[in-house]
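Here is how the chains run, residue by residue.
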Amino acid sequence: MTTPALLPLSGRRIPALSPGASSFPHHRATLRLSEKFILLLILSAFITLCFGAFFFLPDNSKHKRFDLGLEDVLIPHIDAPKMGKHAAGQTPPPPPPAGPFYLPIVLVAFQVLCVIVLQMMKHAWDSYRQYGWGHNELKPLAKKGHTTNIFGNSQMGATIVDALDSLYIMGLHEEFKDGQEWIEQNLDFTGVVSRNAEVSVFEVNIRFIGGLLAAYYLSGQEVFKLKAVQLAEKLLPAFNTPTGIPWAMVNLKSGVGRNWGWASAGSSILAEFGTLHMEFVHLTYLTGNPVYYQKVMHIRKLLAKMDRPNGLYPNYLNPRTGRWGQHHTSVGGLGDSFYEYLLKAWLMSDKTDTEARKTYDDAIEAIERHLIRKSNGGLTFIGEWKNGHLERKMGHLTCFAGGMFALGADGSPDDKAGHYLQLGAEIAHTCHESYDRTVLKLGPEAFKFDSGLEAVAVRQNEKYYILRPEVIETYWYMWRFTHDPKYRQWGWEAAQAIDKYCRVSGGFSGVKDVYSSNPTYDDVQQSFFLAETLKYLYLLFSSDDLLPLDSWVFNTEAHPLPVLHLGNITLPGSQPAQR
């Protein structure tokens, strides 16, 4: 049985690149030009921009309505350029040119940029399809599959599941169907169980359950919902702890859980057990089984009863004793998506889960008071609180917060919407500076604000870039809420840098030193590169009516889930929306 999809299976129509677009040289030569010729170039650029804007503006008349029992959701009719067959008598559009691309953004219509991002997606996917199919990730230089212990060293096809909704949104439906066929035939959790796989509850939730649910909501294919529920059932034993706070890892065969050995005397991690709410609420909604909702609401209620030092949530909580571990608070790694999911629980409930909103507002108030500072050079940054002291360091992961502040601006207490939108803009600017102050124009894993250094990595082990999405994610949210063209400009700069320095013949690879003009590769094409980085770039250059934010909420792996309009059903901890 196939459920009506929230997006049609035809893809988004994007105009083909003009023949001249790919003829720009990679490095512009220095020429002696007369003043007349310079004026002619400027005039030509202006004409190109005008005609591009005229012909490439989205046709807002192409809308269809789809109903999945939530309510009618207005979604644009998506129809991407076909990469394969064309109707008889039709001339196929020219294929996107091979990268890298180095074009001034003023000369490029934004929907052409979508085609360029789509071409990057094709290169990443086709390389994985050829060299790593069925493996979790890809080693693009070695041209073979790759996995890590978060997936239990099993071939679970993480890249396939993670990339499905990106393929669908970009109109790559032949590739989407290839992925669906693999999932139908190979994503068998009885097979995984027989191999005694121990997986990360957090990573499997955000990548697999989130990816499968998004694919289901977009395409309506029942197989995705079925697989999501089967996998979720295998994660439930992780909650069998004295407190109900789940273990970080669970064995899919035995159900035995454990925590990372390095995590503060066997503690669970805030960003891991606090990043289950969106997916588990949707599982209860789709199945009618209350257990998923009950598990995540228990976590919320337990946290609400606990004392918080300075109003801050430490990153570690012992699931046996229910006590905080090391007093380390971060809006980056170990803490980040906990705060994100508080806000998004409220948004996903159609703004009826006021308990989640109040918890978010209180947490952000404490973060502003203790963690957010302005550097001597005027850059706003979010530090880390360690045992009563502020460490003036900000991670790439923390850069998502600019988008979070913008997303949460509407509904802020005390009429602070403008304040939080401005705070989001300041974080976006700081994170752009972390990119702009490197040789490769790609951001380091972490950067400091002390000893005269600002937005610059100091340690060698913090200078790498592993295709992370958080900065581009913030650009996209800031674009959606402000339409300031600088965010598209910054996103275009990042896209060009990724294509220039991370593209290899077998896909895309992270680099080990963004301050080196001749960097070495880490030889990993992360699954989140296809799930998040390329999706956010594509959406940044697309019309706002593609996945509108009043109808969709993105999980922390950029998988879109619809807002739940629950009508007369009142969930515990919720109140009627204040309109």
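One can find the structure itself at the top, above this paragraph.
Computed from a predicted model, the values in this text were never measured in an experiment. (Residues numbered from 1 in each chain as written. Predicted model: local features only at pLDDT ≥ 70, side-chain atom pairs only at ≥ 80, totals over all residues. Heavy atoms only, no water.)

Strand order in the open sheet made by the 3 strands is 10-13-14, with antiparallel pairing throughout. If you trace the sheet from one side to the other, it starts and ends with strand 10 (328-329) and strand 14 (389-391), each paired once. Where strand 13 (residues 384-386) lies against strand 14, 3 bridges are found, and the strand directions are antiparallel. Across the sheet, glutamate 384 pairs through a bridge with glutamate 391, a residue of strand 14. (Pairing = 2+ DSSP bridges. Helix = DSSP H or I, 4+ residues; strand = E, 2+ residues; numbered from the N terminus.)

Let us look at the pattern of salt bridges. By the definition in use, this model includes 25 salt bridges. Here aspartate 523 and lysine 139 are joined by a salt bridge, their closest N and O atoms 3.9 Å apart. A residue pair is termed long-range when its members are at least 10 positions apart, and aspartate 523 in the loop between strand 19 (507-508) and helix 17 (527-540) and lysine 139 in strand 3 (residues 137-139) qualify at 384 residues. Salt-bridge contacts for lysine 351 lead to aspartate 410; the nearest nitrogen and oxygen are separated by 3.4 Å. Of this pair, lysine 351 sits in the loop between helix 11 (336-348) and helix 12 (354-370) while aspartate 410 is found in the loop between helix 13 (401-407) and helix 14 (417-436), placing the two residues 59 residues apart along the sequence. (Salt bridge = Lys/Arg side-chain N within 4 Å of Asp/Glu carboxyl O.)

According to the stated counting rule, one finds 1 disulfide in the structure shown. A sulfur-sulfur separation of 2.1 Å characterises the disulfide bridge that pairs cysteine 399 with cysteine 431. With the S-S bond torsion at -95°, the cross-link from cysteine 399 to cysteine 431 turns out left-handed. Separated by 32 residues along the polypeptide, cysteine 399 in the loop between strand 15 (393-395) and helix 13 and cysteine 431 in helix 14 bring together distant segments of the chain. On the accessibility criterion, cysteine 431 (1% relative accessible area) is buried. (Disulfide = S-S within 2.5 Å. Buried < 20%, exposed > 50% of the residue type's maximum accessible area, 1.4 Å probe, protein only.)

Another point: the packing of helix 11 against helix 12. In contact at an axis separation of 7 Å, helix 11 and helix 12 are set at 145° when each is read in the N-to-C sense. Crossing of helix 11 against helix 12: the hand is left-handed. Residue-level contacts link Tyr339, Leu342, Leu343, Ala345 and Trp346 of helix 11 to Thr354, Ala356, Arg357, Thr359, Tyr360, Ala363 and Ile367 of helix 12. Residue composition of the contact of helix 11 with helix 12, grouped by class: 9 nonpolar, 2 polar and 1 charged. (Axes fitted to C-alpha atoms, helices over the stretch in contact; angles between N-to-C directions. Left-handed = near helix turned anticlockwise from the far one by under 90°. Contact = heavy atoms within 4.5 Å. Nonpolar A, V, L, I, M, F, W, Y, C, P; charged D, E, K, R; others polar.)

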